[in-house]
Amino acid sequence: MTQSEAKERPVKSERSEPTAGRPAGTAGTDPATEAFVGHRNLLFTVAYEMLGSAADAEDVLQETWLRWSGVDLGTVRDRRAYLVRITTRQALNRLRTLGRRKESYVGSWLPAPLLTTPDVAEDVELADSVSTAMLLVLETLTPTERAVFVLREVFALEYDEIAEAVDRKPAAVRQIAHRARGHVAARRPRGHVSSADSRKALDAFRQAVETGDLQSLLDVLAPDVVLLGDGGGVKQAVLRPIVGADKVARLLAAGLGRIPAGSSFRFAQVNGRPALLLRVDGALDTVLTVRVEDGLVTGLYAVRNPEKLSHMRRETALSR
């Protein structure tokens, strides 16, 4: 590791911060800016998978740029790896802060949904890794386990590269990766969840809303289905998990009757998966995603916290 890599301190620079829309390689773009913009989608994906928060992932990218803008590029052998390393370290710092914030969070905490570009759904492994269900599984890991799992299993980094990013020895990283892999395998959805299965479950939900007949929804609910709602103390939502098809159905029956007339549901690609968006008076009110196993819904996730819906205004590009 170079001396620059070891420090990674914010350095004042005359370079201006690149914006998401500025293409790499345009006239007047310096090498540092070009490298950052060229890898920006990757860096955002790393940060988001580690944090489950789009706003915090954006903050991490700001911090990454501040450190990257002061690096002597002549000392950097692999710019992509170096940028991922900075992003990982900043995300780890932020993840520990988030842990303290979640302790005082009102009700269940769910990942902030992303309106993703069509190509994310086409990359099955990427879509699985950013799904609501998978991000909730990652929440059960320690910060270091989460970083190691994401970098190894999603982005296929070598153990030596991961060791530099998390300040551990390669042998220790291998053990952490093994432990995290087993932990995730025991909790992640069984088998690949097709978009068709997710769409079928969400279509049953929409049909129940439009017709008032909950039987179509009950037909796709697993006996041990779990409903989680995230209102953040700002919007009304269930404060604790609701477990069991009967309880979930009764709660939904009561809630559906309170949806204002003129509200609309539409499908969208959220986190690489089909989702339902509820709009009330034209404004986005709720994002509903599902976890499907063996053709039945085992998880229903409703995000209503307005702060978490800010990245639903435009499509977000993710990449590996």
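Refer to the structure printed above.
Notes on the structure in this doc start here. (Residues numbered from 1 in each chain as written. Predicted model: local features only at pLDDT ≥ 70, side-chain atom pairs only at ≥ 80, totals over all residues. Heavy atoms only, no water.)

A closer look at the sheet that holds strand E1 (residues 221-230)
Whether parallel or antiparallel, the strands of a sheet pair through hydrogen bonds between backbone atoms.
Part 1 of the argument: What the six strands build is an open sheet, ordered E2-E1-E6-E5-E4-E3; its pairing is mixed. Two strands close off the open sheet at either side, each with one partner strand: strand E2 (242-243) and strand E3 (264-270).
Part 2 of the argument: Pairing geometry for E1 and E2, over two bridges, is antiparallel. Counterpart to Val226 in the pairing with E2 is Val243.
Part 3 of the argument: Along the sheet face, helix H12 (residues 195-211) touches E3, strand E4 (273-280), strand E5 (283-293) and strand E6 (296-303) and points at about 25° away from the line of E4. (Pairing = 2+ DSSP bridges. Helix = DSSP H or I, 4+ residues; strand = E, 2+ residues; numbered from the N terminus. Contact = heavy atoms within 4.5 Å. Axes fitted to C-alpha atoms, helices over the stretch in contact; angles between N-to-C directions.)

Things to note about the pairing of E4
Part 1 of the argument: In terms of burial, E4 is a largely internal element, seven of the eight residues being buried.
Part 2 of the argument: Where E3 meets E4, seven bridges bridge the pair, whose relative direction is antiparallel. The residue bridging Ala268 from the neighbouring strand is Ala275, located in E4.
Part 3 of the argument: Hairpin connection from E3 to E4: two residues lie between these consecutive antiparallel strands, with Asn271 at a positive phi of about 55°.
Part 4 of the argument: As judged from the five bridges shared by E4 and E5, these two strands associate in the antiparallel manner. Residue pairing across strands places Leu276 opposite Leu288, the latter belonging to E5.
Part 5 of the argument: Here E4 hands over to E5 after two residues, with Asp281 in that stretch at a positive phi of 55°. (Buried < 20%, exposed > 50% of the residue type's maximum accessible area, 1.4 Å probe, protein only.)

Looking at the side chain of Thr298
Part 1 of the argument: With respect to the secondary-structure elements, Thr298 resides in strand E6.
Part 2 of the argument: Polar side-chain contacts of Thr298 include one of 3.1 Å to the side chain of Glu293.
Part 3 of the argument: Those residues in contact with Thr298 that sit more than four places away from it in its chain are Ala222, Asp224, Val225, Val226, Arg291, Val292 and Glu293. (Polar contact = N/O pair within 3.5 Å; in protein donor to acceptor, adjacent residues only side chain to side chain.)

Some details on the pattern of salt bridges
Side-chain pairs of opposite charge can arise whenever the charged atoms involved come near each other.
Part 1 of the argument: Under the defined criterion, the tally for this structure stands at 19 salt bridges.
Part 2 of the argument: With a closest N to O distance of 3.4 Å, Asp203 and Arg206 form a salt bridge. Here the residue Asp203 and the residue Arg206 both occupy positions in helix H12, the gap between them amounting to three residues, near one helical turn.
Part 3 of the argument: Since its relative accessible area comes to 33%, Asp203 is described here as partly exposed.
Part 4 of the argument: Here Glu293 ties to Arg291 by a salt bridge, and the two come within 2.9 Å at their closest N and O atoms.
Part 5 of the argument: Classification of Glu293 by relative accessible area gives buried; the value is 8%.
Part 6 of the argument: With a relative accessible area of 14%, Arg291 lands in the buried category.
Part 7 of the argument: Overlapping salt bridges bring together Asp56, Asp59, Glu63, Arg94 and Arg101 as one network. (Salt bridge = Lys/Arg side-chain N within 4 Å of Asp/Glu carboxyl O.)

Thoughts on the pairing of E1
Part 1 of the argument: Within E1, seven of the 10 residues are buried, which leaves it mostly tucked inside the rest of the structure.
Part 2 of the argument: Relative to E6, E1 runs parallel, the two being bridged by six bridges. Its bridge partner being in E6, Asp230 is matched across the sheet by Val303.

Observations concerning the layout of surface pockets
Over the atoms rolls a probe the size of a water molecule, and in doing so it shows where empty space is left.
Part 1 of the argument: The space that makes up the largest pocket amounts to roughly 640 Å³.
Part 2 of the argument: Residue lining of the largest pocket: 24 residues in total, with Gln236, Gly255, Arg258, Thr286 and Arg304 positioned closest to the centre.
Part 3 of the argument: The biggest single contributor to the lining of the largest pocket is helix H14 (residues 245-256), with four residues.
Part 4 of the argument: Considering only enclosed or pocket space, the second largest pocket measures out at about 410 Å³ in volume.
Part 5 of the argument: What lines the second largest pocket is a set of 27 residues, and nearest its centre among them are Asp128, Ser129, Ser131, Met134 and Arg188.
Part 6 of the argument: Of the residues contributing to the lining of the second largest pocket, the split by class is 11 nonpolar, eight polar and eight charged. (1 Å grid on protein atoms, 1.4 Å probe; cavity = no way out; pocket = protein on both sides within 12 Å on 5 of 7 lines; lining within 4 Å. Points joined across faces, edges and corners; volume = space filled by probe spheres on them. Nonpolar A, V, L, I, M, F, W, Y, C, P; charged D, E, K, R; others polar.)

Observations concerning the environment of Trp68
Part 1 of the argument: Positionally, Trp68 belongs in helix H4 (residues 54-68).
Part 2 of the argument: Discounting residues that sit within four places of it in the chain, Trp68 has contacts with Ala32, Ala35, Phe36, Leu73, Val76, Arg79, Tyr82, Leu83 and Ile86.

Let's talk about the packing of aromatic side chains
Part 1 of the argument: Enumeration according to the criterion identifies four aromatic pairs in this entry.
Part 2 of the argument: Look at Phe44 and Tyr48: their rings are 6.1 Å apart centre to centre, the planes differ by 5°, and that puts the pair in the stacked class. Here Tyr48 and Phe44 lie together in helix H3 (residues 40-51), a separation of four residues that amounts to about one turn. Summarising the burial analysis for this pair, Phe44 and Tyr48 share the class buried.
Part 3 of the argument: Looking at Lys102, its charged tip hangs above the ring of Trp109, at a distance of 4.0 Å from the centre.
Part 4 of the argument: Here the guanidinium or amino end of Arg199 rests over the ring plane of Phe267, the centre of that ring lying 3.6 Å away. (Phe/Tyr/Trp six-rings, centres within 6.5 Å; stacked < 30°, edge-to-face > 60°. Lys NZ or Arg CZ within 6 Å of the ring centre and 35° of its normal.)

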